[in-house]
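Residue strings, one per chain:
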Amino acid sequence: MDFAADDYEMGEVEEDMYFAGRIMGDTESDEEDEDGYDHLDNKITDTYAAEARKGKDIQGIPWERLSISREKYRQTRLEQYKNYENIPQSGRGSEKECKLTRKGGAFYEFWQNTRSVKSTILHFQLRNLVWSTSKHDVYLMSHYSIIHWSSLSSKKTEVLNVSGHVAPKTPGSLLEGFTQTQVSTLAVRDNLLIAGGFQGSLFARDYLITPSYDETDLDRPGVSFCTRTTYDDNAITNAIDIYHGPSGSVHFTASNNDCGVRDFDMERFQLVKHFSYPWPVNHTSLSPDGKVIAIVGDNPEGMLVDSQTGKTIAHVRGHLDFSFASAWHPNGYVFATGNQDKTCRVWDARNLSKSVAVLKGNLGAIRSIRFTSDGQFMATAEPADFVHVYDVKNDYDKEQEIDFFGEISGLSFSPDTESLFIGVWDRTYGSLLQYNRCRNYSYMDYLM
């Protein structure tokens, strides 16, 4: 869907923001010129932590050459960015409940900005296109390619190209595949990649690039499974959640705009459960014990349902608009939901009468939520410009605000919690941001 970011890119500012005949990020193409220069004739280069500490902009934006300062442009973005709402004025209704957090925390520090890795979004409401499998490995969408990036080797590898015909190579797999698939969502876990598309399409690829990867791995079967889940006219695959069943088999759930949640067994490549609900399902999250699914969608209310039967256990009430994100804390009873009313609400499943915390964004909807595997931090992503990292163990009182420019295609903590990756879409300054966890090794002081 080419309209996805057209109304939300960096270039959407007043006419006095023009420089060098262009608006920031407003170009004819998604690519910089073939010689590797941006539109101010600056060589496209990555930015590293040492350079940022010396004052270089983390995205490489040459503010000193522009007719506007970073501070002024930030203010303009805050004033003019258009938050998408399905229920008018929903973003103004939760302000009295919102928690006042202490900003200025430094839980994750900037490590590098990789300009050669261009992150892409194809739907303006779906932002789950970045997945980390280790502190050095990340998968993301870049145009019609799913790519792997290694920050250790600084190597980019195409894992799957969906611009042409995509079909399973394994004998006996279902259907004949798809052509020019527009990927709407992505999930990667345990050497398995699953992507969903706009026409109800689903496909999986195993034998992913791992730390022990060698080139021969790409000669193994690529797409091991693909199917079209529905022929409904409104069949966007909104989210995917990979998990292990009670027997240890690999499953995944797919949330769809046709109001369905489907569960697939990847051992047999079979649909095993199909639950239907009254409204389009935008995101689901399975609790750590595998018993409860948090469901959010095109309704201000969310639901907790039994993972085996799909029956409603409890309603989740408090948001004022449609929700597009959810995540469980590792403790198994706290979960969070993100909404177009510009808030992330944290809940305790043992008492849903009131939110544990209501956390407000700056620009727009909360479209992606992630907890670290140790449960210490939670990150939320707005549609653009801001990622918020909260100190969970201190009741969300302290917040680190990561501030940049561009639409956010997704965010992901590495499984060991050491890295945080953020995909940034912008026609000129699109990139992959990496932050590394700050560690206070106070015991080292005794060795000095």
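Procedures and definitions
Residues numbered from 1 in each chain as written. Predicted model: local features only at pLDDT ≥ 70, side-chain atom pairs only at ≥ 80, totals over all residues. Heavy atoms only, no water. Helix = DSSP H or I, 4+ residues; strand = E, 2+ residues; numbered from the N terminus. Polar contact = N/O pair within 3.5 Å; in protein donor to acceptor, adjacent residues only side chain to side chain. Contact = heavy atoms within 4.5 Å. Pairing = 2+ DSSP bridges. Buried < 20%, exposed > 50% of the residue type's maximum accessible area, 1.4 Å probe, protein only.

You'll find the chain entered in an unreviewed UniProt entry as WD repeat-containing protein, with Rehmannia glutinosa given as the organism.

Tracing the backbone shows asparagine 339 in strand β23 (residues 334-339). Looking at asparagine 339, its side chain comes within polar contact range of the side chain of serine 323, at 2.7 Å. In contact with asparagine 339, other than residues within four places in its own chain, are His319, Leu320, Asp321, Phe322, Ser323, Ala365 and Ile366.

Glancing now at the pairing of strand β17 (residues 270-276). Along any regular strand the residues' side chains alternate between the sheet's two faces. As judged from the six bridges shared by strand β16 (residues 260-265) and β17, these two strands associate in the antiparallel manner. For valine 261, the partnering residue across the bridge sits in β17 and is phenylalanine 275. Between β16 and β17, which pair antiparallel one after the other, the connecting turn spans four residues, and phenylalanine 269 there sits at a positive phi close to 55 degrees.

Checked against the element boundaries, serine 132 lands in strand β4 (residues 130-134). For serine 132, a relative accessible area of 6% puts it in the buried group. Aside from chain neighbours lying at most four places away, what touches serine 132 is Asp137, Val138, Ser412, Phe413, Ser414, Pro415 and Phe421. In terms of polar contacts, serine 132 uses its side chain to reach the backbone carbonyl oxygen of serine 134, at 2.7 Å.

A positive phi is found at histidine 143, a non-glycine position, where the angle reads about 60 degrees. Structurally, the position occupied by histidine 143 is in the loop between β5 (137-142) and β6 (145-150). With a phi close to 55 degrees, serine 154 is a non-glycine residue in the positive phi region. With respect to the helices, strands and loops of the structure, serine 154 is situated in the loop between β6 and β7 (155-161).

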